[in-house]
Amino acid sequence: MADALEGIEHIRAIAWDLDGVLNRDPNRWQDLLAREYDLDTGSLNRMVFAQPRKVLCGEVDILDRLEAFAELPEAAGLGAEEILEAWFEAGHNPDDDLLRLMELLTAAGLVQVLATNNEARRIRYLMLEGGWSERVDGVFASGEMGAMKPEAKFFETIEKALNMAPAEILLVDDKPRNNEAADKRGWLTWDYAADVPAQGAQALARALMPLLLRAQA
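On a predicted model such as this, the values are computed, not experimentally measured, just so you know.

## Let's talk about the pattern of salt bridges
Two side chains that carry opposite charge are able to pair once their charged atoms sit near each other.
Then step 1. A complete count under the given rule lists twelve salt bridges for this structure.
Then step 2. Linked by salt bridges that have partners in common, Arg 53, Lys 54, Glu 59 and Glu 151 make up one network.

And the structure:
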């Protein structure tokens, strides 16, 4: 991907994906909890995210599924709330390079929001305990919206809430299907890949430089 984005001059808001973009290695919680608590995180993951859309769109409370898991030997004697807190803490690993970029974009007057497929309990934890409420202007999470990327309703809800045209919003996401859906609506998109130089943090910063320079004009 070239370090340029056609149409960048029209952008007023950036919608950031969380896991895989702002939050590095979101699956590391599985290794950490298995090592520290002897928890069978494979069984946990399969049980909690059976019919994943129901969990991610708020139809099923993740704590209810964790309470059922906690009754099994695989839970290693931990209670549901203990597992939940350890899981959320272990799965929070912000990317420092992107945090610095976000600070510059905020200073430049850009609206920044989270646009994430996450259930409601985790997003509340991240906003309060993870400090994201101080970094972004809003959060759009599937667990609170009842829709998830790449569904059109997800993007439409953001457009209406921000009162912006699609061409005024940039989505930074690591899932091509999400970017493709946003692109079809007229959003600008960036296929983020932390380990690919042409798609990682430095390349993104160069692509967003016109927005930073615009603020200094």
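## Comments concerning the environment of Met 102
Then step 1. For Met 102, the location among the structural elements is in helix α6 (residues 96-107).
Then step 2. Considered as a pair, Met 102 and Ala 205 are 103 residues apart in the sequence and their alpha carbons are 9.6 Å apart.

## A few points about the packing of aromatic side chains
Then step 1. Counted by the stated rule, this structure contains six aromatic pairs.
Then step 2. Taking NZ or CZ as reference, Arg 135 lies 4.7 Å from the ring centre of Trp 132, over its face.

## Re helix α10 (residues 176-185)
Then step 1. Among the residues of α10, Asn 178, Asn 179, Ala 181 and Ala 182 are the ones counted as buried. Angular distribution of buried residues about the axis of α10 spans 160°; they occupy a single face of the element. Among the exposed residues of α10, those oriented more than 90 degrees off its buried face are Arg 177 and Lys 184.
Then step 2. In the core, the buried residues of α10 are packed alongside α9 (152-162), β4 (169-173) and β5 (188-191).
Then step 3. Looking one or two places after α10, you find Gly 186, whose phi comes out positive at around 105°.

## Examining helix α5 (residues 80-90)
Then step 1. Taken together, the buried positions of α5 are Ala 80, Ile 83, Leu 84, Ala 86, Trp 87, Phe 88 and Ala 90.
Then step 2. Against the buried residues of α5 lie α1 (28-37), α2 (41-48), α4 (62-70) and α7 (120-128).

## A look at the environment of Ala 70
Then step 1. Among the secondary structure elements, Ala 70 is positioned in helix α4.
Then step 2. Spatially, the C-alpha atom of Ala 70 lies 46 Å from that of Ile 11, the residues being 59 residues apart in sequence.
Then step 3. If near-sequence neighbours (up to four positions away) are discounted, Ala 70 is found in contact with Ala 75, Leu 78, Gly 79 and Ala 80.

## Some words on the pairing of strand β1 (residues 13-16)
Then step 1. Of the two faces of β1, both are covered, the one formed by Ala 13 and Ala 15 as well as the one formed by Ile 14 and Trp 16.
Then step 2. One ladder, built from four bridges, connects β1 with β4; its direction is parallel. Looking at the pairing, Trp 16 lines up with Val 172 of β4.

## What to know about the nonpolar core
Then step 1. Trp 16 and Trp 132 are the most contacted members of the largest nonpolar core, which has 34 residues in total.
Then step 2. Looking at this core element by element, the count peaks at five residues for α6.
Then step 3. Not counting residues within four places of it along the chain, the set of residues in contact with Trp 132 comprises Leu 18, Leu 22, His 92, Pro 94, Leu 99, Met 102, Leu 114, Leu 126 and Met 127.
Then step 4. Judged by nonpolar contacts, the second largest core, of 19 residues, contains Val 48, Phe 69, Ala 86 and Trp 87.

## A look at the packing of α5 against α7
The angle between the axes and the distance between the axes are what describe a pair of packed helices.
Then step 1. Following both chains from N to C, one finds α5 and α7 inclined at 60°, their axes separated by 10 Å at the closest point. Regarding the angle of α5 to α7, the classification is oblique. Of the two elements, α5 crosses α7, and the hand of that crossing is right-handed. Residues Leu 84, Phe 88 and Glu 89 of α5 lie in contact with α7, whose contacting residues are Arg 121, Arg 122 and Tyr 125.
Then step 2. Here the residues of the contact of α5 with α7 are counted per class, giving three nonpolar, no polar and three charged.

## Notes on the pairing of strand β2 (residues 111-116)
Along any regular strand, the residues point their side chains to alternate faces of the sheet.
Then step 1. Burial analysis of β2 places five of its six residues in the buried class, the great majority of the element.
Then step 2. As defined by bridge partners, β1 adjoins β2 across four bridges and the pair is classed as parallel. Among the inter-strand pairings, Ala 15 is bridged to a residue of β2, identified as Val 113.
Then step 3. As paired elements, β2 and strand β3 (residues 138-141) share four bridges and run parallel to each other. By the bridge assignment for β3, Ala 115 is matched with Phe 140.
Then step 4. The parallel pair β2 and β3, bridged by α7, forms a crossover whose chirality is right-handed.

Calculation notes
Residues numbered from 1 in each chain as written. Predicted model: local features only at pLDDT ≥ 70, side-chain atom pairs only at ≥ 80, totals over all residues. Heavy atoms only, no water. Salt bridge = Lys/Arg side-chain N within 4 Å of Asp/Glu carboxyl O. Helix = DSSP H or I, 4+ residues; strand = E, 2+ residues; numbered from the N terminus. Phe/Tyr/Trp six-rings, centres within 6.5 Å; stacked < 30°, edge-to-face > 60°. Lys NZ or Arg CZ within 6 Å of the ring centre and 35° of its normal. Buried < 20%, exposed > 50% of the residue type's maximum accessible area, 1.4 Å probe, protein only. Arc of directions from axis to C-beta. Contact = heavy atoms within 4.5 Å. Pairing = 2+ DSSP bridges. Core = buried A, V, L, I, M, F, W, Y, C linked by side-chain atoms within 4.5 Å. Axes fitted to C-alpha atoms, helices over the stretch in contact; angles between N-to-C directions. Parallel < 35°, antiparallel > 145°, perpendicular 65-115°, else oblique. Left-handed = near helix turned anticlockwise from the far one by under 90°. Nonpolar A, V, L, I, M, F, W, Y, C, P; charged D, E, K, R; others polar. Right-handed = clockwise from strand over helix to strand, strands pointing away.

These figures come from the coordinates and say nothing about function on their own.
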